[in-house]
Amino acid sequence: MKNKASVSIFLAMIMIPVISIFLVLSEGVRAVSLKKLSKNTINSAGHYLNSMYQNMLFDEYHIMAIDVSKGREYGNVEMLENDVKKFLESFSNPDEDGDSFFRLRVSDAELQNIGKITDGNGKPFIKLAVISEKDNIYKNAIEGSKEYIDEFKKSDKESKKQNFDKDIENAKKTLIKEKEKGKKGAFKEEKEIKKGENEGRVYEKGKKYCKSKSFESESGGYKSGFKEIGNRIYKSTKTYERSINKKSQSETKRINEQLSADERCVVSKNQSGAGNLTGIEKSNGGESFNGVENPLDTINSYKDEKNLSFWTGNDKKISGQKLLTKIPVSKRRSGRKGANVSISAVDRAIYMHYLHKNMGNFIKPKEHNGLKYGVEYVIAGKDSDEKNLKSVIRKIMAIREVNNAITINKSPSLNASAGALATTIGGISLNPAVIESIKAGIIASWAYVESVLDVRTLLNGGKVSFIKSDIDFTSNLYTLPMYLKNSYKAKESKSGITYKAYLDGFMAMLSIKKLGLRPQDIIEDEFKRIDMCKYFNMDNLAYECDIAVNFGGKPIFLGLTDLKDKDTRYGYVEKKHVSFIGE
């Protein structure tokens, strides 16, 4: 018995440290498991946060973002942090009375480094749009658009150098100046004739007087004196007319050599009155030169045409939608920061495709409560569809006028026609400098009319050659007003470019800020028209953030040993980066 008792005492002495070691090891395993659990928990919190995206924004525009205000007027990020904390607590099982030995506690949860889709001039929005669209567009289609966009940029640069309105105005001023000279010449001529007539009457009276006094036989002086007066009368009435006819014949011969048979017929009819002030008459508010209406006056009356039906035709319905948001996203300044998001040239091309698809344009308006011509808004930034369309039309006109003027100047037949009409209109002077000035105005007017026809074709869904040839030209120089007064359109070209291509060209030259923020103006304006989204604000939409969580826990197995201190705690700080962009 004595030996058995000694064994029992020995076992009792060594059992306590063995059990303590086992409990310490168990607590160590638990501590490692808590660390892993905290990582799994915060990863789940990331997925939970991703699931809180604004579903209406995704359904309508395919943009993934979280509304940190939860759609409330005075909402803030703390509300979202509380939601995340509640999820973490339910997932981590902090119940001390349960059968789980983990019992992980969440002492604090915070959302840090929140990136908004309006940051960085809207770059995150562009990237999110590109991500949503990448699967729906082919890269070769993007590459194919680069060539005409480069050409487009060249033409746009040229349009900024050229001032066709100034050419037309200079031509009109030159013409007015020459008319005044002509009037002064005619007045001087008339004065000379009257003077000559008076002197002629004096001559007749003098002759009678001389005869009555018998001076003729004595000296014959009255004959020589009055003959000189007669010569002067003849010269004053004939010299001006002869010089004009001589110049006119020379110029007509030069022009006729460059004209077609039909054009020569028209010019010969009108050239017969060149240099004759009585050949000028008023026609429909503009001057007509022997039957040919002066394009410099006629075109000017259409330059400020504000009625969109002039461009689109009466059968096209124009949207009357306006932007209701007083201060849109693109004009707000406060509370934004930079964004570490890069936008490549390919991204821009994909993004333009996204805008056409989701924002609408004049050819394919977006059917919703907001602006229907979204792409035109992105380009022009005006507060109504009508204003944006007018602005885009002006931009297209600037490009088309340059390209059409290039065609006229390079084409021998078109250029000769412009020269012939310039000679007809400027026949009062026939000064080469005057003719050239008038010709420049005529070319600008002709290019303008042809451009109007081009725009009409584009707005009706047709294609127009970017740089035209003689064959592509629709308008006739001698009947320009007819094309403006009626709904004529330019000839279509199978190899031409569309209205959409012009919009792409304009967007290609926009800054990132305009491309990134103006579409958000449209989205915010649309959503605010819905009662349940009246506090919707694009500046509250986050595309990325960091979740920072402080986890804690108390020892369980050490409570059976002397190693536990009453203040012993486990603490883990975990961070999780959540982003819809993935950069």
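Note that the coordinates shown come from a computational prediction; the quantities given were computed from them, not determined experimentally.

**Student:** What's the story with the confidence of the model for the chain in this structure? I'm lost.
**Tutor:** Mean pLDDT over the chain works out to 74, with 64% of the residues at or above the 70 mark. Here strand S3 (residues 280–283) stands out as the least confident element of the chain, with mean pLDDT 39; helix H13 (residues 374–380) is the most confident, with 96. A low-confidence stretch, residues 229–241 (pLDDT under 50), is modelled with 14 contacts involving residues beyond four sequence positions or located in other chains. In the model, residues 258–286 has pLDDT below 50 throughout and makes 49 contacts with residues more than four positions away in sequence or in other chains.

**Student:** Would you mind showing me how to read the pattern of salt bridges here?
**Tutor:** Taken as a whole, this structure holds 16 salt bridges when the rule is applied. A salt bridge links Glu60 to Lys366; the shortest N-O distance between them is 3.3 Å. Highlighted residues: Glu60 in helix H2 (residues 55–61) and Lys366 in the loop between helix H12 (345–359) and H13, separated in sequence by 306 residues. Since its relative accessible area comes to 30%, Glu60 is described here as partly exposed. For Glu133, the salt bridge goes to Lys357, with nearest N and O atoms at 3.6 Å. Of this pair, Glu133 sits in helix H4 (residues 123–133) while Lys357 is found in helix H12, placing the two residues 224 residues apart along the sequence.

**Student:** Before we go on, may I ask you to explain the environment of His368 in this structure?
**Tutor:** Relative to the helices and strands, His368 is located in the loop between H12 and H13. Placed 158 residues apart in sequence, His368 and Glu526 show a C-alpha to C-alpha distance of 7.8 Å. Sequence-distant contacts of His368, that is, excluding residues within four places in its chain, are made with Tyr61, Gln321, Ile522 and Glu526. Here Leu371 takes part through its backbone oxygen, which lies 2.7 Å from a polar atom of the side chain of His368.

**Student:** Quick question: what am I supposed to make of the packing of aromatic side chains here?
**Tutor:** Each aromatic ring pair is characterised by the separation of its centres together with the angle its planes make. Within the structure shown, the criterion is met by 11 aromatic pairs. Taken together, a centroid distance of 6.4 Å and an interplanar angle of 90° make the contact between Phe125 and Tyr351 edge-to-face. Residue Phe125 is found in helix H4, and its partner Tyr351 is found in helix H12; the two are separated by 226 residues along the sequence. Its relative accessible area of 0% is what places Phe125 among the buried residues. Overall, Tyr351 belongs to the buried group, its relative accessible area being 1%.

**Student:** Quick question: what am I supposed to make of the environment of Asn55 here?
**Tutor:** For Asn55, the location among the structural elements is in helix H2. By relative accessible area, Asn55 is classed as partly exposed at 44%. For the pair Asn55 and Ala65, spaced 10 residues apart in the sequence, the C-alpha separation amounts to 8.7 Å.

**Student:** Explain helix H18 (residues 499–508) here, please?
**Tutor:** The periodicity of an α-helix, 3.6 residues per turn, causes residues three or four positions apart to be oriented the same way. Burial analysis of H18 places 9 of its 10 residues in the buried class, the great majority of the element. Three or more residues of H18 are buried, namely Tyr499, Ala501, Tyr502, Leu503, Asp504, Gly505, Phe506, Met507 and Ala508.

**Student:** Before we go on, may I ask you to explain H12 in this structure?
**Tutor:** The end-to-end C-alpha distance of H12 is 21 Å, a good match for the 21 Å that 15 residues give at a rise of 1.5 Å each. Those residues of H12 that sit buried are Asp347, Ala349, Ile350, Tyr351, Met352, Tyr354, Leu355, His356, Asn358 and Met359. Count one or two residues on from H12 and you reach Gly360, which has phi positive near 80°.

**Student:** Can you walk me through the pairing of strand S6 (residues 541–553) in this structure?
**Tutor:** A regular strand places its side chains so that they alternate between the two faces of the sheet. A large share of S6 lies buried, amounting to 12 of its 13 residues. The sheet contact formed by strand S1 (residues 66–67) and S6 spans 2 bridges and is antiparallel. Pairing of Ile66 across the sheet is with Ala542, part of S6. The sheet contact formed by strand S2 (residues 105–116) and S6 spans 9 bridges and is antiparallel. Each bridged residue has a counterpart across the sheet, and for Val106 the counterpart in S6 is Phe551.

**Student:** What should I look at first to understand the side chain of Glu81 in this one?
**Tutor:** In this fold, Glu81 is placed in helix H3 (residues 77–92). Here Glu81 sits buried without a salt bridge, and the closest side chain of opposite charge, Lys85, lies 9.2 Å off (N-O distance). For Glu81, the side chain forms a polar contact with the main-chain nitrogen of Leu111, separated by 2.9 Å. The contact partners of Glu81, leaving out residues within four places of it in the chain, are Ala109, Glu110 and Leu111.

**Student:** Sorry, what's going on with the packing of helix H15 (residues 412–425) against helix H16 (residues 432–459) here?
**Tutor:** For any two helices packed against each other, the geometry comes down to the angle between their axes and how far apart the axes lie. Closest axis-to-axis distance for the H15/H16 pair is 8 Å, and the angle between their directions is 125°. By the angle between their directions, the pair H15 and H16 is classed as oblique. Relative to H16, H15 is oriented so that their crossing is right-handed. Facing H15, whose interface residues are Leu414, Asn415, Ser417, Ala418, Gly419, Leu421, Ala422, Thr423 and Ile425, H16 presents Ile435, Ile438, Lys439, Ile442, Ile443 and Trp446. Its residues placed into classes, the contact of H15 with H16 shows 10 nonpolar, 4 polar and 1 charged.

**Student:** Help me out: how do you make sense of a nonpolar patch on the surface in this one?
**Tutor:** A contiguous nonpolar patch, built from Ile9, Phe10, Leu11, Met13 and Ile14 and spanning about 510 Å² of accessible area, is present on the exposed surface. Considering the arrangement of structural elements, one finds Ile14 in helix H1 (residues 2–50).

**Student:** Even after reading the chapter, I still don't get a positive patch on the surface, so can you show me in this structure?
**Tutor:** Side chains of Lys331, Lys382, Arg394, Lys395 and Lys514 sit close together on the surface and give a patch of like positive charge. Summarising the element assignment, Arg394 is placed in helix H14 (residues 385–410).

**Student:** How should the environment of Glu436 be read in this particular structure?
**Tutor:** Inspection of the secondary structure assignment puts Glu436 in helix H16. By relative accessible area, Glu436 is classed as partly exposed at 47%. In the structure, Glu436 is positioned 14 residues away from Ala422 in sequence and 7.6 Å away in space, judged by C-alpha atoms.

Thresholds, definitions, all that
- Counting restarts for each chain: residues are numbered from 1 in the order of the written sequence.
- Since the coordinates come from a predicted model, pLDDT governs what is reported: local features require at least 70, and pairs of side-chain atoms require 80 or more to be given and counted, while whole-chain, interface and lining totals use all residues.
- Computation of side-chain values: all heavy atoms of the structure, hydrogens and water removed.
- Each residue carries a pLDDT score, the predictor's confidence in it, ranging from 0 to 100.
- Helix numbering and strand numbering both begin at the N terminus, where a helix is a DSSP run of H or I of at least 4 residues and a strand a DSSP run of E of at least 2.
- When checking whether two residues touch, look at their non-hydrogen atoms; a contact exists if any pair is within 4.5 Å.
- In the sections that follow, a salt bridge refers to a side-chain nitrogen of Lys or Arg positioned within 4 Å of a carboxyl oxygen of Asp or Glu.
- When a residue's accessible area, from a 1.4 Å probe over protein chains only, is under 20% of the maximum for its type it is buried; when over 50% it is exposed; and in between it is partly exposed.
- In the analysis that follows, any N or O atom pair within 3.5 Å is treated as a polar contact, provided that within protein one partner can donate a hydrogen and the other can accept it, and provided that, for residues neighboring in sequence, both atoms belong to side chains.
- Here the aromatic set is Phe, Tyr and Trp, taking the six-membered ring for Trp, and pairing holds for ring centres within 6.5 Å; pairs whose planes are under 30 degrees apart are stacked, those over 60 apart are edge-to-face, and all others are tilted.
- How far a helix is expected to stretch is found by multiplying one less than its residue total by 1.5 Å.
- Pairing between two strands is assigned when DSSP locates at least 2 bridges connecting them.
- Charge assignment in this entry is limited to Lys and Arg as positive and Asp and Glu as negative, and neither His nor the chain termini are counted.
- Note on definitions: angles span 0 to 180 degrees between N-to-C directions of axes, and those axes are lines fitted to C-alpha atoms, for helices only across the stretch in contact.
- Any angle from 65 to 115 degrees is called roughly perpendicular, while one under 35 is roughly parallel, one over 145 is roughly antiparallel, and all others are oblique.
- By convention the crossing between two helices is left-handed if the near helix lies anticlockwise of the far one by an angle smaller than a right angle, and right-handed if it lies clockwise.
- The residue classification treats Ala, Val, Leu, Ile, Met, Phe, Trp, Tyr, Cys and Pro as nonpolar and Asp, Glu, Lys and Arg as charged. All others, Gly included, are polar.
- Exposure above 30% relative accessible area and the lack of any salt bridge qualify a residue for a patch; like charges then connect within 9 Å, and the nonpolar side chains Val, Leu, Ile, Met, Phe, Trp and Tyr within 5 Å.
- Computed with a 1.4 Å probe, the accessible areas rest on the Shrake-Rupley method; for each residue, only the protein chains presented here act as cover.
- To locate a charge, take NZ of a lysine, CZ of an arginine, CG of an aspartate or CD of a glutamate.

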